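Each chain, letter by letter, is given below.
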Amino acid sequence: MAAVGDFIPPDDADFIDEPENPVVFGVEVTPVMIGALLALLGLGGSIYGYMRLVQPVAESNATLRQEITTKEGQLVSQRQQLEDIAKIEAELEAAMQRRRNVYSLFANEETMDTLLLDINQRIEGSNASLSGIRAQVFERGIPPLLVEAQLKKFSPGAKGTITDDSLGEQINGKLKRERYSVQFTGDFAQTQTVLRNLERLEPLLVVSNFTMNSDQPVAETVIGENGLVIAQPKIPITTSFQLDALIPTADADVPPEVAPPPAAEGAEGG
């Protein structure tokens, strides 16, 4: 008969206290611990991925956005500059057009070439009313005696740039002057017509030393109220004057030079 103290159940292994989970370095790895480790690993991976992948892209995007903002500001500035340039160019063109309009009032080489012809045409034009009288007198076989306007003198004189303050100190060097001595004859009505027509000539002309002298009366042939040819006294007038044509020395299509602004006192002192 065996002793009670010597009996060992065959399934004693079921009673040994062993951990149910894996043990790593003496630490039991439980499911909660594994979940926490996995969470930490995931968080670390996320942070690593953010720092290695997302953050550089985000910084690059921020840089690009800043560059885009800068470029947009530059484009706005350039657009404003272009608008300002267009405005300045329009103002310059308007100023140049006004300059050309003013210069067109003065004489030029072309108008001076035809000045003698223009004046003679104005004088001859004042005789237009005589053609009817002349024709009627000729029909009656009577030689007409009519006072006609005639150009007696057109002599060129001095030419040169104005520097004598005669038109003001500010005009010196900006205008040239071509001077002519003019003389014509005609009755009072013809003289008045010629002078009015001279004012309508295209170039700007300055008249000076103006004189009018009456000559001996002439028995002009005219048609009376009854249709008869009669002699009517008429006094011819001789008109003399000095004619100055003014020509700009500058080109109307070339903008004038602008003097630089004076230096500031502070800049000079520095």
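Residues numbered from 1 in each chain as written. Predicted model: local features only at pLDDT ≥ 70, side-chain atom pairs only at ≥ 80, totals over all residues. Heavy atoms only, no water.

Please give an account of the packing of aromatic side chains that cites residues and values.
Any two aromatic rings considered together are summarised by their centre-to-centre distance and by the angle between their planes. One pass over the structure, following the stated rule, counts 3 aromatic pairs. Taking the centre distance of 5.0 Å and the plane angle of 20° together, the rings of Phe154 and Tyr180 count as stacked. Taken together, the residues Phe154 in strand S3 (residues 150-161) and Tyr180 in strand S4 (residues 175-186) connect sequence positions 26 residues apart. A residue is classified by how much of its surface remains accessible, and Tyr180, at 7% relative accessible area, is buried. (Phe/Tyr/Trp six-rings, centres within 6.5 Å; stacked < 30°, edge-to-face > 60°. Helix = DSSP H or I, 4+ residues; strand = E, 2+ residues; numbered from the N terminus. Buried < 20%, exposed > 50% of the residue type's maximum accessible area, 1.4 Å probe, protein only.)

Provide a residue-level description of helix H3 (residues 115-125), including the pertinent values.
Since the α-helix advances by 3.6 residues per turn, residues separated by three or four positions end up pointing in the same direction. All buried positions along H3 are accounted for by Leu115, Asp118, Ile119 and Ile123. Down the axis of H3, the buried set is contained in an arc of 135°. They therefore lie on one face. At its buried positions, H3 is contacted by helix H2 (109-113), S3, S4, helix H5 (188-199), strand S5 (205-214) and strand S8 (237-248). (Arc of directions from axis to C-beta. Contact = heavy atoms within 4.5 Å.)

Go over the nonpolar core, please, and point to the residues and values.
In this structure, Met112, Leu115, Ile119, Tyr180 and Leu243 are the most contacted members of the largest nonpolar core, which totals 18 residues. Those elements giving two or more residues to this core turn out to be H3, S4, H5 and S8. Ranked by residue count, the leading element in this core is S8, at 4 residues. Contact partners of Leu115, with chain neighbours within four places excluded, come to Phe154, Tyr180, Leu201, Leu205 and Leu243. (Core = buried A, V, L, I, M, F, W, Y, C linked by side-chain atoms within 4.5 Å.)

Run through unusual backbone geometry, naming residues and quoting values.
Although it is not a glycine, Asp165 sits at a positive phi angle of roughly 65°. Mapped onto the secondary structure, Asp165 falls in the loop between S3 and S4. Relative accessible area serves as the criterion here: at 44%, Asp165 is assigned to the partly exposed category. Although it is not a glycine, Asn209 sits at a positive phi angle of roughly 50°. Mapped onto the fold, Asn209 is located in strand S5.

Break down the side chain of Thr111 for me, with residues and values.
Within the fold, Thr111 resides in helix H2. Every residue in contact with Thr111, bar those within four places of it in the chain, is listed here: Glu202 and Pro203.

Give me the pattern of salt bridges: which residues, what numbers.
This structure, assessed with the given rule, holds 6 salt bridges. A salt bridge links Lys176 to Glu109, with the shortest nitrogen-to-oxygen separation between them at 3.9 Å. Highlighted residues: Lys176 in strand S4 and Glu109 in helix H2, separated in sequence by 67 residues. Look at Glu109 and you get partly exposed, because its relative accessible area is 45%. (Salt bridge = Lys/Arg side-chain N within 4 Å of Asp/Glu carboxyl O.)

How would you summarise a nonpolar patch on the surface if you had to cite specific residues and measurements?
Taken together, Val207, Phe210 and Met212 make up a surface patch of nonpolar side chains, about 260 Å² in accessible area. Here Phe210 lies in strand S5. (Patch = residues over 30% accessible without salt bridge, like charges linked within 9 Å, V, L, I, M, F, W, Y side chains within 5 Å. Areas by Shrake-Rupley, 256 points an atom, 1.4 Å probe, with all protein chains shown as cover.)

I'd like a rundown of H5, residues and numbers included.
For H5, built from 12 residues, the straight-helix expectation of 16 Å at 1.5 Å per residue is met to within 8% by its first-to-last C-alpha distance of 17 Å. Considered for burial, the residues of H5 that qualify are Gln190, Thr191, Val194, Asn197 and Leu198. Each buried residue of H5 sits inside an arc of 130° when the element is viewed along its axis, so together they form one side. Counted as exposed and oriented over 90 degrees from the buried face of H5: Phe188 and Glu199. A side-chain oxygen of the first residue of H5 lies 3.2 Å from the backbone nitrogen of Ala189; this N-cap is Asp187. (Expected span 1.5 Å × (residues − 1). Polar contact = N/O pair within 3.5 Å; in protein donor to acceptor, adjacent residues only side chain to side chain.)

These results come straight from atomic positions and should not be treated as a statement about function.
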